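Close look at the chain arrangement
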Amino acid sequence: MIFLKSDEEISLIKESAEVLGKAHAEVAKWIKPGVTTKQLDKVADDYIRDNHGSPSFKGYNGFPAALCISINETVVHGFPSQYQLREGDVISIDCGVKLKGFHSDSAYTYPIGNVSHEVENLLKRTKQSLYLGIEQATDGKRIGDIGYAIQTYVERFGYGVVRELVGHGVGRNLHESPEVPNYGKRGQGPKLREGMVIAIEPMITLGKRSVVQEKDGWTIRTTDRKPAAHFEHTVVVQKGKAEILTTFKYIEEVTKNTTLMVSV
Ligand code: MG
Ligand code: MG
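Remember, it's a predicted structure, so these values are computed and weren't measured experimentally.

A short note on the sheet that holds strand 15 (residues 243-244)
Here we have five strands laid out as an open sheet, ordered 8-7-9-14-15, and antiparallel in their pairing. Edge positions in the open sheet fall to strand 8 (176-180) and strand 15, since each of these has one partner strand only. As paired elements, strand 7 (residues 167-169) and strand 8 share three bridges and run antiparallel to each other. Looking at the pairing, Gly167 lines up with Val180 of strand 8. Sitting on the sheet, helix 3 (residues 117-135) touches strand 9 (197-200), strand 14 (233-236) and strand 15, and the angle it makes with strand 14 is about 15°. Running over the sheet, helix 4 (residues 143-155) touches strand 8 and strand 9 and is turned about 40° from strand 8.

Some details on the coordination of the magnesium ion (ligand 1)
Four donors placed tetrahedrally around a metal ideally meet at 109.5 degrees, and six donors placed octahedrally ideally meet at 90 or 180 degrees. The magnesium ion (ligand 1) binds to the protein through Asp94 (OD), Asp94 (OD), Asp105 (OD) and Glu232 (OE); the donor distances cover 2.0 to 2.6 Å. Here the magnesium ion (ligand 1) and the magnesium ion (ligand 2) are spaced 3.1 Å apart, with Asp105 acting as a shared donor. Of this pair, Asp94 sits in strand 4 (residues 90-99) while Glu232 sits in the loop between strand 13 (228-230) and strand 14; the two residues are 138 residues apart in sequence, bridging distant segments of the chain. Of the residues examined, Asp94 reaches a relative accessible area of 6% and is grouped as buried.

Topic: the pattern of salt bridges
With the rule as written, the count across this model stands at 14 salt bridges. Ionic pairing is found between Lys100 and Glu15, a salt bridge with its closest N-O pair at 2.7 Å. Taken together, the residues span a long stretch of sequence, with Lys100 in the loop between strand 4 and strand 5 (102-111) and Glu15 in helix 1 (residues 7-30) at a distance of 85 residues. Given the relative accessible area of 33%, Glu15 is considered partly exposed. Of the charged contacts in the structure, one is a salt bridge between Glu73 and Arg225, with a shortest N-O distance of 3.4 Å.

Notes on the packing of helix 3 against helix 4
Relative to each other, helix 3 and helix 4 sit at 150°, their axes nearing to 8 Å. Looking at the two axes, helix 3 sits roughly antiparallel to helix 4. Helix-helix and strand crossings are classified by hand; for helix 3 and helix 4 the assignment is right-handed. For the pair helix 3 and helix 4, contact is made by Arg125, Gln128, Ser129, Leu132 and Gly133 and by Ile146, Ala149, Ile150, Tyr153 and Val154, respectively. Of the residues belonging to the contact of helix 3 with helix 4, the class tally is six nonpolar, three polar and one charged.

Rules used throughout
- Residues numbered from 1 in each chain as written.
- Chains lettered and ligands numbered in written order.
- Predicted model: local features only at pLDDT ≥ 70, side-chain atom pairs only at ≥ 80, totals over all residues.
- Heavy atoms only, no water.
- Pairing = 2+ DSSP bridges.
- Helix = DSSP H or I, 4+ residues; strand = E, 2+ residues; numbered from the N terminus.
- Contact = heavy atoms within 4.5 Å.
- Axes fitted to C-alpha atoms, helices over the stretch in contact; angles between N-to-C directions.
- Donors = N, O, S within 2.8 Å, 3.2 Å for Na, K, Ca; no water.
- Buried < 20%, exposed > 50% of the residue type's maximum accessible area, 1.4 Å probe, protein only.
- Salt bridge = Lys/Arg side-chain N within 4 Å of Asp/Glu carboxyl O.
- Parallel < 35°, antiparallel > 145°, perpendicular 65-115°, else oblique.
- Left-handed = near helix turned anticlockwise from the far one by under 90°.
- Nonpolar A, V, L, I, M, F, W, Y, C, P; charged D, E, K, R; others polar.

Set out below in structure tokens:
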């Protein structure tokens, strides 16, 4: 069942998303070589709780942390650990916040210091594909239009679109219907309606698209161990143009000297 959200519910999701955007920015301040991913998790957890929210992921199906932190060939669902960030890594930070009963969900991938040109392009283009997907999230279109836009854009660069993980509805539950794949055919899938709130989250690989799950039962990495990127926004479907409820504004105030510029 797909829940359509009222204006009041959407404004609550926006409130949650505001805390989420600022939590991301607090984490962004700490992303540098030598910092452990566990330290980053604590920064996010503290910020969210200090602002009256709770971290959506912590305890979700037993997930142990506020952040999913996925380095290099890890695509998503990495655990915070004692791993120390290194120059040349790419790090995806995925976070969810629950506030006043409503969740928001967003992810951002950062280069640590200098990364290769091909990795920098992977990040820029994955972010761009997110916005191309969001452009399709309008009343009357279909879920397949979103995936088609993402897939056709990234595949022209020879990248892989992860099939095993998808975006989702967001609301009182972190994961609601419908599923929002990052691949698809135009005009197929559930119809998008004004008031649907969905997380769109392309997970794009530099090499082959196939992934495996590590023995910890969570961590997803590329089979060929090439890097992946992940960007995510929670958006509300509207007539004409989707509204993006989450924000990268605060992140990019922190990273503006090294930020990945894309036109949106
Ligand atoms: Mg997420
Ligand atoms: Mg999500």
